[in-house]
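Results of the structural survey
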Amino acid sequence: MYECVEFNMPDSKIHAWNHCERVLLFALRLGEKIFGDDEDSLEPLAHAAIFHDTRREDDYLDTGHGARAAVYYTNFCKQHSDIIHHDITSYLMRYHDLDDELGIQNIRENFCKNKKTALTQYAIFKDADALDRYRLGSFGLNPKFLRTNEAHSMTDYAENLVKRTVMPELLADIDAKVRRVLGK
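What counts and what doesn't
Residues numbered from 1 in each chain as written. Predicted model: local features only at pLDDT ≥ 70, side-chain atom pairs only at ≥ 80, totals over all residues. Heavy atoms only, no water. Axes fitted to C-alpha atoms, helices over the stretch in contact; angles between N-to-C directions. Helix = DSSP H or I, 4+ residues; strand = E, 2+ residues; numbered from the N terminus. Parallel < 35°, antiparallel > 145°, perpendicular 65-115°, else oblique. Left-handed = near helix turned anticlockwise from the far one by under 90°. Contact = heavy atoms within 4.5 Å. Nonpolar A, V, L, I, M, F, W, Y, C, P; charged D, E, K, R; others polar. Expected span 1.5 Å × (residues − 1). Buried < 20%, exposed > 50% of the residue type's maximum accessible area, 1.4 Å probe, protein only. Arc of directions from axis to C-beta. Phe/Tyr/Trp six-rings, centres within 6.5 Å; stacked < 30°, edge-to-face > 60°. Lys NZ or Arg CZ within 6 Å of the ring centre and 35° of its normal. Patch = residues over 30% accessible without salt bridge, like charges linked within 9 Å, V, L, I, M, F, W, Y side chains within 5 Å. Areas by Shrake-Rupley, 256 points an atom, 1.4 Å probe, with all protein chains shown as cover. Salt bridge = Lys/Arg side-chain N within 4 Å of Asp/Glu carboxyl O. Lys, Arg positive; Asp, Glu negative; His and termini not counted. Charge placed at Lys NZ, Arg CZ, Asp CG, Glu CD. Polar contact = N/O pair within 3.5 Å; in protein donor to acceptor, adjacent residues only side chain to side chain. Disulfide = S-S within 2.5 Å.

What follows concerns the packing of helix α1 (residues 17-35) against helix α8 (residues 155-165). Orientation of α1 relative to α8, taken along the N-to-C sense of each, is 155°, at an axis distance of 11 Å. The angle between the axes of α1 and α8 places the two elements in the roughly antiparallel class. Judged by the sense of rotation from one axis to the other, the crossing of α1 with α8 is right-handed. Between α1, through Arg22, Leu25, Phe26 and Arg29, and α8, the contact on the second element is made entirely by Tyr157, Ala158, Leu161, Val162 and Thr165. Partitioning the contact of α1 with α8 into residue classes produces six nonpolar, one polar and two charged.

Shown next as structure tokens:
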């Protein structure tokens with residue numbers, strides 16, 4: 001990942017390498033809980049985690065970065081013949097920054113044969129990304145919005161991992177900024 005994948009914002013404190021690494025871990029742990037060791041279901045999740053925020057243009061509300069990441073991923077796979085392109089990965093990324101209903105509708109329409117697996121992958125990926133919202137401070141994650149029971153069971157793990165892998169000063173700074181924006 002470090003050698004090949006490029007981020008538009010490689011110095012981002014909240015949407016670059018460290019975030020994607022944690023999302024990768026969460027996605028694979030959730031995926032293994034749900035799919036077991038089915039590599040055909042897990043690999044698209046891994047690819048989505050690695051690429052999903054690579055095309056961000058800012059750290060705030062950047063609607064559309066998922067679609068840009070999906071295009072980057074597709075082009076990356078064309079340039080690296082050893083990387084298998086998964087259509088579902090493009091959908092996971094394209095809709096991860098949009099309303100769930102839009103993503104679910106498009107997956108239902110385009111993955112008729114493997115609809116159940118694709119919808120489960122979508123829920124897993126959205127939850128994996130959400131579990132890392134603890135990096136955004138005390139208002140980062142509201143567990144009631146998690147989609148899977150497995151993600152609900154991982155909230156303590158996710159919070160502890162963020163606390164161990166994000167500098168306390170950065171967490172405090174982000175939390176203060178979010179509090180100001182929310183007027184809290």
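Before going further, it helps to examine helix α9 (residues 168-182). In a regular helix each residue adds 1.5 Å, so 15 residues correspond to 21 Å; α9 covers 21 Å between its end C-alpha atoms and thus fits that length. Among the residues making up α9, those that are buried are Leu170, Leu171, Ile174 and Asp175. In an axial view of α9, the angular spread of the buried residues amounts to 130°, which keeps them on one side of the axis. Residues of α9 that are exposed and point more than 90 degrees away from the buried face comprise Pro168, Glu169 and Arg180. The elements touched by buried residues of α9 are α8. Just past α9, the residue glycine 183 takes up positive phi, approximately 70°.

It is worth spelling out the packing of aromatic side chains at this point. As enumerated under the stated definition, the model contains eight aromatic pairs in all. Ring geometry for phenylalanine 51 versus phenylalanine 76: centroids 5.0 Å apart, planes at 65°, classification edge-to-face. Highlighted residues: phenylalanine 51 in helix α2 (residues 39-51) and phenylalanine 76 in helix α3 (residues 65-79), separated in sequence by 25 residues. Among the aromatic residues, ring-to-ring pairing joins Phe51, Tyr72, Tyr73 and Phe76 into one connected group. Stacked on the ring of tyrosine 157, the Lys or Arg arginine 29 has its end atom at 4.0 Å from the ring centre.

Moving on: a negative patch on the surface. A contiguous patch of negative charge, built from Glu32, Asp37, Asp38, Glu39 and Asp40, is present on the exposed surface. With respect to the secondary-structure elements, glutamate 32 resides in helix α1.

Let's shift gears to the side chain of aspartate 53. Looking at the element boundaries, aspartate 53 is found in the loop between α2 and α3. Within the structure, aspartate 53 has its side chain in polar contact with the side chain of histidine 65 (distance 2.9 Å). Excluding anything up to four places from it in sequence, aspartate 53 contacts Phe7, His15, His19, Cys20, His65 and His96.

The subject of this paragraph is the state of the cysteines. A covalent bond bridging the sulfur atoms of two cysteines is what the word disulfide describes. Within the structure shown, the criterion is met by zero disulfides. In this structure cysteine 77 is a free cysteine whose sulfur lies 12 Å from that of cysteine 4, the closest cysteine sulfur available.

The next subject is α2. Helix length check: α2, at 13 residues, gives a terminal C-alpha distance of 18 Å against a target of 18 Å (1.5 Å per residue), a fit within 8%. Burial of α2 is extensive: 10 of the 13 residues sit out of reach of the surface. The set of residues buried in α2 consists of Ser41, Leu42, Pro44, Leu45, Ala46, His47, Ala48, Ala49, Ile50 and Phe51. Near the N-terminus of α2, the side chain that reaches the backbone nitrogen of aspartate 40, with its oxygen 3.1 Å away, is that of aspartate 38.

Further remarks concern the environment of glycine 64. Assignment of secondary structure puts glycine 64 in the loop between α2 and α3. The class of glycine 64 is partly exposed, set by a relative accessible area of 22%. As a C-alpha pair, glycine 64 and cysteine 20 span 44 residues in sequence and 17 Å in three-dimensional space.

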